[in-house]
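# Understanding the architecture of this molecule
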Amino acid sequence: VQEFGIQEALKKLGVEAINNGTSTGSNNFSSGGELSSYSPVDGALIGKVRTTSKEDYEKVMEAANNAFKIWRTKPAPQRGEIVRQFGDKLRELKEPLGKLVSYEMGKSYQEGLGEVQEMIDICDFAVGLSRQLHGLTMHSERPGHRMYEQYHPLGVVGIISAFNFPVAVWAWNTALAWISGDVCVWKPSEKTPLCGVACQNIAVAVFKENNLPEGISCLINGDYTVGEFMTHDKRVPLVSATGSIRMGKIVAQAVAARLGKSLLELGGNNAIIVTPDADIKMTVIGAVFGAVGTAGQRCTSTRRLIIHDAIYDKVKEAIVTAYKQLRIGNPLDQKNHVGPLIDTDAVSMYQKALKKVVEEGGKLIVEGGVLEGAGYESGCYVKPAIAEANNNFEIVQHETFAPVLYLLKYSGDVENAIAIQNGVVQGLSSAIMTNNLREAERFLSAQGSDCGIANVNIGTSGAEIGGAFGGEKETGGGRESGSDAWKIYMRRQTNTINYTTDLPLAQGIKFDL
Ligand code: UN1
């Protein structure tokens, strides 16, 4: 990868051979063990990160709490100004950071750049929002009273992020949390710790240049036990966690046990419904990008195509033909469409899924397989596969984080397709390909898709930051990013002020002394 300028990118991002994985800003320390980050691209060791011990964590929490006392007093637009500067730094470092994302995580360089672009976009959004943290004013039922609500900062926000979006999801949370007046403690995935170090370096530079205290942006590292420090900690009023449904259930229970708030972004099992009125060319691009983009490791990846029997063969043929064009290889090389899976464990899950779908009676129409030989030494490169299946297969009900696409057939009315689409435990993203207004509107109606995201003539992945991002059912119910997702990062207070010399009670209650 020498020719792709990785060493140069690491240098620009301040990522070293061995890094402290615990940081409150300029103060970096770590007394835990070592975490090695290997690239799925070529199997090489990129660097190491020292993990966070319980003692380290206590120091982080102390810094974070102290910082919160100062940060919450800064007017929100001034906090927005800091986020604006952070966004500018990201613009400067877009290429090296996009490259590191691509090299450490394995997504294509274009998608790595796209991820940094999402960070920049959320910063812009947050800057504007910093002047719009609006509450409502209500009319009091009592004379001479004024009633309104305001949003105050919440405190320390804990962020647990996943390997698949190693930088953007952190930024969605931090950008909104920071303008809200919160401080953040971030535990990146142990599979992508260097992305965490790089992002923390960028944030720290901004806080330092503005003479702001230690602790507004904090980093901790390690496995799930380090995440548990936060989920069990009363000093963390909000835990925002992205990952598997299994992980989310554990986080949700731990946080709920202390009546904290959690924001969960868990698995998806996203489908595209292809009706007889679909534009086939658009369908193919949307479905193939959705299924093989990020090697099928987005929570919004397209897992199921629900195709009407009248056009089933035509769509199937077009998709299979498109799969033949896919180039799999080093994601930093822009001629390739598909990079590696995150690690060899992910490869085994992929292999198990292919085996299972056949056992359950499915038929592989694009055979998968693990790639070997020159360029594939890491053992993480697999061929995107397609299987004809039934929605009730156990494996189809399950989210496999790999490029495996299931083709499902429906007949008759679009309602039948919607029932299949909704017939899974997850509820993140969904799409319909149709030029038929009735079908599109039925899909979007109350009897339609039960997902947090429902698209018409667009695939399931690649959401813009301006909308609220998240899903229903076992996806966890959280909303991040755009719209009014900021509200979860703040506490709401209702204020009633009496400017008379009487004390009338609400509901007309009489209480005379
Ligand atoms: C995720 O996969 O965790 O919509 C997030 C998308 C991206 C975000 C995905 N904007 O595919």
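For the chain, the name recorded in an unreviewed UniProt entry is aldehyde dehydrogenase (NAD(+)), with Arenibacter troitsensis as its organism. Database annotation for the chain, UniProt heading Sequence similarities (unreviewed entry): "Belongs to the aldehyde dehydrogenase family."

This part takes up the environment of L444. Its place among the elements puts L444 in helix α15 (residues 437-444). The partly exposed category is assigned to L444, around which 15 C-beta atoms lie within 10 Å. The spatial distance from the C-alpha of L444 to the C-alpha of N455 is 8.2 Å, given a sequence separation of 11 residues.

Attention shifts here to the site of the ligand. Taken together, the residues surrounding the ligand are E118, N164, F165, V169, T242, R298, C299, T300, S461, G462 and A463. Class assignment of the residues belonging to the shell around the ligand gives a composition of four nonpolar, five polar and two charged.

What follows covers the sheet that holds strand β1 (residues 18-20). On the basis of which strands lie adjacent, the open sheet formed by three strands has the order β1-β5-β4 and mixed pairing. Only two strands of the sheet have a single partner each, and these edge strands are β1 and β4 (34-38). Between one strand axis and the next, the sheet turns through 25 degrees on average, direction left out of account. Relative to the sheet, helix α7 (residues 193-209) contacts β1, β4 and β5 (45-50), its axis offset from that of β5 by approximately 70 degrees.

Here the focus is the sheet that holds strand β24 (residues 490-498). If you trace the three strands from one edge of the open sheet to the other, you get β6-β7-β24, paired in antiparallel fashion. Edge strands, defined here as strands with exactly one partner in the open sheet, are β6 (137-138) and β24. Summarising the sheet, β6 and strand β7 (residues 145-153) pair through two bridges and their orientation is antiparallel. Across the sheet, residue T137 finds its bridge partner in β7, namely Y148.

We now examine the UniProt feature "domain: Aldehyde dehydrogenase" (unreviewed entry) in the chain. Per the UniProt annotation, the sites labelled "domain: Aldehyde dehydrogenase" (unreviewed entry) are residues 33-494. Helix makes up 40% of residues 33-494 and strand makes up 20%, while its end C-alpha atoms are separated by 47 Å.

On to the UniProt feature "active site" (unreviewed entry) in the chain. Those residues carrying the UniProt feature "active site" (unreviewed entry) are E265 in this numbering. Within the secondary structure layout, E265 lies in strand β12 (residues 261-265). Non-local contacts of E265, meaning those with residues more than four positions away in its chain, are made with T242, C299, G470, G476, G478 and E480.

A few words now on the pairing of strand β9 (residues 183-187). Here is the key point about a regular strand: its side chains alternate between the two faces of the sheet. Counting buried positions over the five residues of β9 gives five, a clear majority of the element. Residue alternation in β9 divides its side chains into two sets, V183, V185 and K187 and C184 and W186, and both sets are buried. Handedness of the crossover joining strand β8 (residues 156-160) and β9 through helix α6 (residues 168-180) is recorded here as right-handed. Relative to strand β10 (residues 217-219), β9 runs parallel, the two being bridged by three bridges. Within β10, the residue paired with W186 across the bridge is L219.

Here the focus is the confidence of the model for the chain. Scored by pLDDT, the chain comes out at a mean of 97, with 100% of its residues at no less than 70. Interface confidence for the predicted complex, given as ipTM, is 0.97, next to a pTM of 0.97.

The next subject is α15. All of the buried residues in α15 are E439, A440 and F443. Viewed along the axis of α15, the buried residues span an arc of 100 degrees, placing them on a single side of the element. Counted as exposed and oriented over 90 degrees from the buried face of α15: L437, R438 and E441.

Topologically, V284 is positioned in helix α10 (residues 280-292). With 53 residues separating them in the primary sequence, V284 and H337 have C-alpha atoms 15 Å apart. Those residues within four positions of V284 in sequence are excluded, and the remaining contacts are A318, I319 and A322.

Closest axis-to-axis distance for the helix α3 (residues 76-92)/α7 pair is 9 Å, and the angle between their directions is 135 degrees. Judged by the inter-axis angle, α3 sits oblique to α7. Remark: the crossing between α3 and α7 carries right-handed chirality. In contact with I82, Q85, F86, K89 and L90 of α3, α7 contributes I202, A203, A205 and V206. Looking at the contact of α3 with α7 residue by residue, the class counts come to seven nonpolar, one polar and one charged.

About the criteria used
Once a new chain begins, its residue numbering starts again from 1 and follows that chain's sequence as written. Per-residue local features of the predicted model are confined to residues with pLDDT of at least 70, and side-chain atom pairs are confined, for both listing and counting, to 80 or more; whole-chain, interface and lining totals are unaffected and use all residues. UniProt positions are given in the numbering used here, feature names are shortened, and annotations may be inferred rather than shown by experiment. Strands are runs of DSSP state E lasting at least two residues, helices are runs of H or I lasting at least four, and both sets are numbered from the N terminus onward. We call a residue exposed when 12 or fewer other C-beta atoms sit within 10 Å of its C-beta, buried when the count reaches 20 or more, and partly exposed for counts in between; the C-beta positions come from the backbone. Throughout this description, a residue near a molecule or strand is one whose C-beta atom, derived from the backbone, lies within 6 Å of it. Classification used: nonpolar for Ala, Val, Leu, Ile, Met, Phe, Trp, Tyr, Cys and Pro, charged for Asp, Glu, Lys and Arg, polar for all others including Gly. By this definition, two strands are paired if DSSP reports at least two bridges between them. For helices, the fitted axis covers only the stretch in contact; all axes are lines through C-alpha atoms, and the angles between them, taken along N-to-C directions, range from 0 to 180 degrees. Once C-beta atoms are placed from the backbone, any two residues with those atoms within 7 Å are in contact. Look down the strands so they point away from you; if the path from the first strand over the helix to the second goes clockwise, the crossover is right-handed. Summary of the metric used: pLDDT quantifies the predictor's per-residue confidence within the range 0 to 100. Directions pointing from the helix axis toward each C-beta atom define the arc. Any angle that is under 35 degrees is reported as roughly parallel, and any over 145 degrees as roughly antiparallel; angles of 65 to 115 degrees are reported as roughly perpendicular and all others as oblique. Crossing handedness is defined as follows: a turn of the near helix away from the far one that is anticlockwise and smaller than a right angle gives a left-handed crossing, while the clockwise case is right-handed.

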